[in-house]
Amino acid sequence: MNVMHGHVVACRETDEAPVPAEVQEAVRTLLRWAGDDPGREGLLDTPSRVGRAWREYCAGYEEDPAVHLKRTFEEVSGYDEVVLLRDIPFHSHCEHHLAPIVGTASIAYLPTDRVVGISKLARVLHGYARRLQIQERLTAEIAQCIWDNLDPLGVAVVVKATHGCMTGRGVRTHGVDMVTSKLLGCFREDPSSRKEVLSLMNAN
Ligand SMILES: Nc1nc2c(ncn2[C@@H]2O[C@H](COP(=O)(O)OP(=O)(O)OP(=O)(O)O)[C@@H](O)[C@H]2O)c(=O)[nH]1
Ligand SMILES: [Zn+2]
């Protein structure tokens, strides 16, 4: 079972929520459309499982990721350099095909006098990733949330991901990462700050 208390609660809620009959019927329709028989034994519980799974994949709709940035603490040692969380794995779904987007995000900010618990940057990422997304919007939403709530001198977000809709279907091209970045404040305006943060991220 998950060790983090908040996560346990969230999973229980999604596990226990009854899946409405119309949602289950929609999954049966899709199974039929895919060419299978929703009445065969192995698929009998699939409609309710899929319903619960989609509540979990899209649990981000039930939260405002900004709440994770409300508790800040004063940085007392005079640290005034970049804070970076690098290569955080995430899982999302594309809004075009509902196919998985799997990748990593690096999130950095240059604080003023207040900093946030570092795990909160990953929580903001997951809050937006657990929705239907395109990668550009995911990247921009994370950056904007940190910019609006921490009032930092700069924010940089770089996302690298593979898109299931490009591997499992369509163009069926494997091994390709999509890379997106959003830079705000000093990382956007000052070339040396930009170079430094991208170099710390190994993204230049
Ligand atoms: N820019 C962007 N495109 C994405 C993302 N995820 C998926 N796509 C693309 O969205 C496009 C949707 O194009 P459409 O032509 O409407 O859909 P399609 O016929 O299924 O396209 P193909 O995937 O080329 O078969 C595709 O090119 C996908 O590769 C994303 O996060 N950002
Ligand atoms: Zn897609």
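Keep in mind it's a predicted model, so treat the numbers as computed, not measured. (Residues numbered from 1 in each chain as written. Chains lettered and ligands numbered in written order. Predicted model: local features only at pLDDT ≥ 70, side-chain atom pairs only at ≥ 80, totals over all residues.)

The environment of ligand 1 is formed by Cys94, His96, Ile134, Gln135, Glu136, His163, Cys165, Met166, Gly170 and Val171. Elements supplying a minimum of two residues to the shell around ligand 1: helix 5 (135-150) and helix 6 (164-167). Of the residues belonging to the shell around ligand 1, the class tally is five nonpolar, four polar and one charged. (Near = placed C-beta within 6 Å. Helix = DSSP H or I, 4+ residues; strand = E, 2+ residues; numbered from the N terminus. Nonpolar A, V, L, I, M, F, W, Y, C, P; charged D, E, K, R; others polar.)

Attention shifts here to the UniProt feature "binding site: Zn(2+)" (unreviewed entry) in the chain. Annotation from UniProt places "binding site: Zn(2+)" (unreviewed entry) at Cys94, His97 and Cys165. Of the residues just listed, which span 72 residues, no C-alpha pair is farther apart than 7.9 Å, and they cluster in one region. Position of Cys94 relative to the elements: it lies in strand 2 (residues 83-94). By C-beta crowding, Cys94 is classed as partly exposed, having 18 other C-beta atoms within 10 Å. The residues contacting Cys94, other than those within four sequence positions of it, are Ala99, Ile101, Gln133, Ile134, His163 and Cys165. Note that His97 resides in the loop between strand 2 and strand 3 (100-110). (UniProt positions renumbered as here; feature names shortened; annotations may be inferred. Buried ≥ 20, exposed ≤ 12 C-beta atoms within 10 Å, placed from the backbone. Contact = placed C-beta atoms within 7 Å.)

Moving on, we come to the confidence of the model for the chain. Residue-level pLDDT values for the chain average 91, and 92% of them are 70 or greater. In the predicted structure, residues 1-12 sits below a pLDDT of 50 and forms five contacts with residues beyond four places in sequence or in another chain. Predicted complex, confidence summary: ipTM 0.91, pTM 0.90. (pLDDT = per-residue confidence, 0-100.)

With that settled, the discussion passes to the pairing of strand 6 (residues 154-163). When you tally the buried positions in strand 6, you get eight out of 10 residues, the bulk of the element. Bridge count between strand 3 and strand 6: 10 bridges; the pairing is antiparallel. Looking at the pairing, Ala105 lines up with Val159 of strand 6. Alignment of strand 6 against strand 7 (residues 178-185), held across eight bridges, turns out to be antiparallel. For Lys160, the partnering residue across the bridge sits in strand 7 and is Val179. (Pairing = 2+ DSSP bridges.)

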